[in-house]
Amino acid sequence: LSYLIALPLGIYSAVKRGSAGDKAVTFGLFLLYSLPTFWAGLMLILAFGATGLDWFPVIGLHDKDADTFTRWEWWKDMIWHAILPIATYTYGGLAYLSRQMRVGMLETIRQDYIRTARAKGLSRWNIIFRHALRNSLIPVITVFATILPILVGGSVLVETIFNIQGMGLYAFEGLVRRDYNVIMATV
């Protein structure tokens with residue numbers, strides 16, 4: 001989800017470099033990046049949970065009577081319960097990934113073959129999405145290997161805050177019990 005949001009923001013920032021929109025996106029993303037995950041999760045609980053607007057449930061992934069739901073109601077309930085944890089889990093990597101995309105795109109846009117494509121009269125959309133985007137994605141995809149361990153560590157916090165029995169909490173409990181098979185499987 002971070003990639004799906006960050007890549008278009010990075011492309012927009014590169015294409016509109018120096019504009020007010022680029023500066024607003026940069027400021028907003030770095031503001032989000034500076035917030036600790038546990039604090040942001042707690043603030044989301046206070047704002048949108050029962051103590052605030054009461055829009056979303058904040059504990060677990062299902063209501064207590066979820067076993068009586070139809071399949072559609074069960075999925076709907078799970079998605080409804082997952083919105084706040086997913087928002088908490090996603091926001092942190094947005095700034096980093098969008099900046100990586102922006103830098104890669106700016107570097108690619110300055111290449112000779114992009115200048116040649118402009119000189120040939122190709123549309124701006126064609127140049128950006130067909131020629132520049134493909135080569136700009138290489139560093140962003142490479143970054144995924146460094147982000148993956150952070151995702152496992154971050155899942156422990158998010159699952160603890162929202163009381164979700166997930167893989168991150170399972171890995172943490174395996175670490176505490178020194179269960180090396182669980183640790184190796186999750187890593």
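Asks: Give a description of the overall build of the chain that names residues and reports values.
Replies: Across its full length, the chain carries eight helices and zero strands. Put simply, the chain runs from its N terminus to its C terminus through helices and strands in the order α-α-α-α-α-α-α-α. At 21 Å, the chain has a C-alpha radius of gyration far larger than the 16 Å of a compact globule built from 187 residues. By its C-alpha atoms, the chain is 65 × 40 × 35 Å across when sized along the principal axes.

Asks: An account of the environment of Ala47 is requested, with residue identities and associated values reported.
Replies: Locating Ala47 in the fold gives a position in helix H3 (residues 37-48). Not counting residues within four places of it along the chain, the set of residues in contact with Ala47 comprises Gly52 and Leu53.

Asks: How would you explain the nonpolar core if you had to name every residue and give the values?
Replies: In terms of nonpolar packing, the biggest core is built from 14 residues, with Ile11, Met101, Met105 and Ala132 touching the most fellow members. Residue contributions to this core peak at five residues, all from helix H6 (residues 124-161). In this structure Ile11 touches Met101, Met105, Ile128, Phe129 and Leu133, once residues within four positions along its chain are discounted. The next biggest cluster of nonpolar side chains, apart from the first, holds eight residues, and it includes Ala6, Leu29, Leu94 and Ala95.

Asks: Tell me about H3, and please be specific about residues and values.
Replies: For an α-helix, 3.6 residues make a turn, and residues three or four places apart therefore share a direction. End to end, H3 covers 16 Å across twelve residues, agreeing with the expected 16 Å (1.5 Å per residue, within 8%). Of all the residues in H3, the buried ones are Ala40, Gly41 and Ile45. Down the axis of H3, the buried set is contained in an arc of 140°. They therefore lie on one face. Considering only its buried residues, H3 is in contact with helix H4 (71-109) and H6.

Asks: Talk me through the confidence of the model for the chain; I want residue IDs and the actual numbers.
Replies: Per-residue confidence for the chain averages 87 on the pLDDT scale, and 100% of its residues sit at or above 70. Confidence scores differ between elements of the chain, with H6 showing the lowest mean pLDDT of 83 and helix H1 (residues 2-15) the highest of 90.

Asks: Give a detailed account of the pattern of salt bridges, specifying residues and quantitative values.
Replies: On inspection of all chains with the given rule, the structure shows three salt bridges. The partner of Arg102 in a salt bridge is Asp22, and the shortest N-O contact between them spans 3.1 Å. Of this pair, Arg102 sits in helix H4 while Asp22 sits in helix H2 (residues 20-34), and the two are 80 residues apart along the sequence. Each member of the pair, Arg102 as well as Asp22, is classed as buried.

Asks: Could you give me a rundown of the side chain of Thr90, with the residues and numbers involved?
Replies: Take Thr90: it is sitting in helix H4. Contact partners of Thr90, with chain neighbours within four places excluded, come to Leu1, Ser2 and Ile5.

Conventions we followed
Residues numbered from 1 in each chain as written. Predicted model: local features only at pLDDT ≥ 70, side-chain atom pairs only at ≥ 80, totals over all residues. Heavy atoms only, no water. Helix = DSSP H or I, 4+ residues; strand = E, 2+ residues; numbered from the N terminus. Rg over C-alpha atoms; globule rule 2.2 N^0.38 Å. Contact = heavy atoms within 4.5 Å. Core = buried A, V, L, I, M, F, W, Y, C linked by side-chain atoms within 4.5 Å. Buried < 20%, exposed > 50% of the residue type's maximum accessible area, 1.4 Å probe, protein only. Expected span 1.5 Å × (residues − 1). Arc of directions from axis to C-beta. pLDDT = per-residue confidence, 0-100. Salt bridge = Lys/Arg side-chain N within 4 Å of Asp/Glu carboxyl O.

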